[in-house]
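A look at the structure
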Amino acid sequence: MNLYELKAFVILTETLHFAKTAEEINVSPSALSRIISRLEEEAGTDLLERTNRKVELTPNGKLFAEFARETLAHKQELEATFRGEKNRISGTLHVYASVTACYVILPVFIKKLSEKYPGIQLAIETGDPAGAIPAVRDGRAQLAVAAIPEDGLSYMETISLKHTPLIFAAKKGADFSAEGSPQDIISTVPLILPKTGLARRRFDQWTKSRNVNPIIAAETEGNEAILALAQLGLGMGLVPQIVLESGRYPDNFTIHSAGNILGYYDIGFIRRSEIYGTQTARKIQAAVKDILHSTDWRIV
């Protein structure tokens, strides 16, 4: 196995999609499949479970992914040494954030990080906010922006930035009525909901406790996708208000309060509390900690 093959495997573990990975590393899907087969042959075990619909890591595949990431990180550290930049903090910081977080939260952080630590490059993965905590927990990201659970997160540090209510957003002029209490709305109006995440857990817990039968028109991943479907008039979307306000067409929607039944989102930075990994990785994490703790986020 070589470093190129290890990099291909790491990218595949992040996308879990052969065609997307092949396009990113500029090879054909069949060539990528041969790379993975060679790695599995050399490792002496199956690294992936492949079906026509999805790709998943086997338990041994997860261990191999950790080995591959560490090997590539050591390579990067060695290259920095050879360039005489050992004392300069350089390398790649992996961040997971939603599209909204990229607009609203990350600009200030990126500005401060680049000013103080110009040698640190960013690799930002955007996606469903529900994937933020798993990305940090699994080591795919050293920093994430996400809703912070009310009971906190074990072994993780959280820094609160924004407080925003959960609301129902409907296309202006939609041909369904959304009058009355939140309970009336939930039981009479078609809804567009997130598949997973904090908002969905709160919604399911509340409807179950009140024996309410919601009308679910669609489920999707990502708040921006929820608003896109709501704008088509399919139903009312459940999103944090900050997503609507920072979106492209906030004036195209009517806001309906969820009252206190679903509460507020506490949005902030999430990172693992301990500093871990290679010497380069530890320096990058220390730099992130420095930026997070030296900034007064209350006035940002």
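Refer to the preceding data block for the structure.
Residues numbered from 1 in each chain as written. Predicted model: local features only at pLDDT ≥ 70, side-chain atom pairs only at ≥ 80, totals over all residues. Heavy atoms only, no water.

1. Side note on the overall build of the protein chain
To keep things clear, this is the line we draw: Counting from the N terminus, the helices are the DSSP runs of H or I reaching at least four residues and the strands are the DSSP runs of E reaching at least two. Remark: exposure states derive from per-residue accessible area (1.4 Å probe, protein chains only) relative to the maximum for the residue type, with buried under 20%, exposed over 50%, and partly exposed in between. Only heavy atoms enter the contact rule, under which two residues are in contact if any of them lie within 4.5 Å. Surface accessibility in these figures is a Shrake-Rupley result with a 1.4 Å probe; residues are shielded only by whichever protein chains are displayed. Two residue types count as positive, namely Lys and Arg, and two as negative, namely Asp and Glu; His and chain ends fall outside the count. We put the charge of a Lys on NZ, of an Arg on CZ, of an Asp on CG and of a Glu on CD.
If you tally the helices and strands in the protein chain, you get 12 helices and 11 strands. Considering only C-alpha atoms, the protein chain reaches an extent of 65 × 50 × 35 Å along its principal axes. Counting the 300 residues in the protein chain, one finds 43% classified as buried. Considering only intrachain contacts with a sequence separation of at least 6, the fraction spanning at least 24 residues in the protein chain is 72%. A total accessible area of about 15,800 Å² is found for the protein chain, and carbon and sulfur atoms account for 50% of it. Positive and negative side-chain charges of the protein chain, numbering 34 and 35 respectively, have mean locations separated by a distance of 3 Å.

2. Considering unusual backbone geometry
Despite not being glycine, Y155 shows a phi value in the positive range, around 65 degrees. Mapped onto the secondary structure, Y155 falls in the loop between strand 5 (143–147) and strand 6 (156–171). A relative accessible area of 72% places Y155 in the exposed class. Within the chain, N211 stands out as a residue other than glycine whose phi angle is a positive 55 degrees.

3. Quick look at the layout of surface pockets
The cut-off we apply is this: Think of a 1 Å grid over the protein atoms and nothing else: a 1.4 Å probe that fits but is trapped marks a cavity, an open set flanked by protein within 12 Å on at least five of seven lines marks a pocket, and residues with an atom within 4 Å of a point count as lining. Grid points are joined across faces, edges and corners, and a volume is the space filled by probe spheres set on the points. Lys, Arg, Asp and Glu make up the charged group, whereas Ala, Val, Leu, Ile, Met, Phe, Trp, Tyr, Cys and Pro make up the nonpolar group; the residues left over, Gly among them, are polar.
Its volume calculated, the second largest pocket comes out at about 430 Å³. What lines the second largest pocket is a set of 30 residues, and nearest its centre among them are P129, A130, A146, A147 and Y265. Where the lining of the second largest pocket is concerned, the elements lending two or more residues are helix 5 (99–104), helix 7 (132–137), strand 5, helix 9 (198–210), strand 9 (236–240), helix 11 (241–245) and strand 11 (264–272). Of the residues in the lining of the second largest pocket, the class split is 22 nonpolar, six polar and two charged.

4. Observations concerning the nonpolar core
Stated precisely, the cut-off is as follows: To define a nonpolar core, start from buried Ala, Val, Leu, Ile, Met, Phe, Trp, Tyr and Cys residues and group those joined through side-chain atoms within 4.5 Å.
Among the nonpolar cores identified, the biggest contains 53 residues, and F109 and F269 are the most heavily contacted of them. The greatest single-element share of this core, amounting to seven residues, is contributed by strand 6.

5. Considering helix 1 (residues 3–15)
Keep this limit in mind: Take the residue count of a helix, subtract one, and multiply by 1.5 Å to get its expected span. What qualifies as a polar contact is a pair of N or O atoms within 3.5 Å, subject to a donor-acceptor requirement within protein and to the restriction that residues adjacent in sequence count only when both atoms come from side chains.
Helix length check: helix 1 (13 residues) gives 19 Å between terminal C-alpha atoms against 18 Å at 1.5 Å per residue, within 8%. By the burial criterion, the buried members of helix 1 are E5, L6, A8, F9, V10, I11, L12 and T13. At the N-terminal boundary of helix 1, the capping side chain belongs to N2, with an oxygen 3.1 Å from the backbone nitrogen of Y4. Downstream of helix 1 by a residue or two, L16 has a phi angle that is positive, lying close to 50 degrees.

6. So, the side chain of T278
Relative to the assigned elements, T278 resides in the loop between strand 11 and helix 12 (279–294). The class for T278 is buried, based on a relative accessible area of 10%. Here the side chain of T278 touches A281 through a polar contact of 3.2 Å, landing on its backbone nitrogen. Those residues in contact with T278 that sit more than four places away from it in its chain are E70, A73, H74 and E77.

7. Examining helix 10 (residues 223–231)
Applicable threshold: Our arc is simply the arc of the directions from the helix axis toward the C-beta atoms.
Listed in full, the buried residues belonging to helix 10 are N223, I226, L227 and A230. The buried residues of helix 10 occupy one face: seen down the axis, they fall within an arc of 95 degrees. Tucked inside the fold, the buried residues of helix 10 contact strand 6, strand 7 (190–194), strand 8 (215–220), strand 9, helix 11 and strand 10 (253–257). Two residues or fewer past helix 10, G233 is found with a positive phi of approximately 85 degrees.

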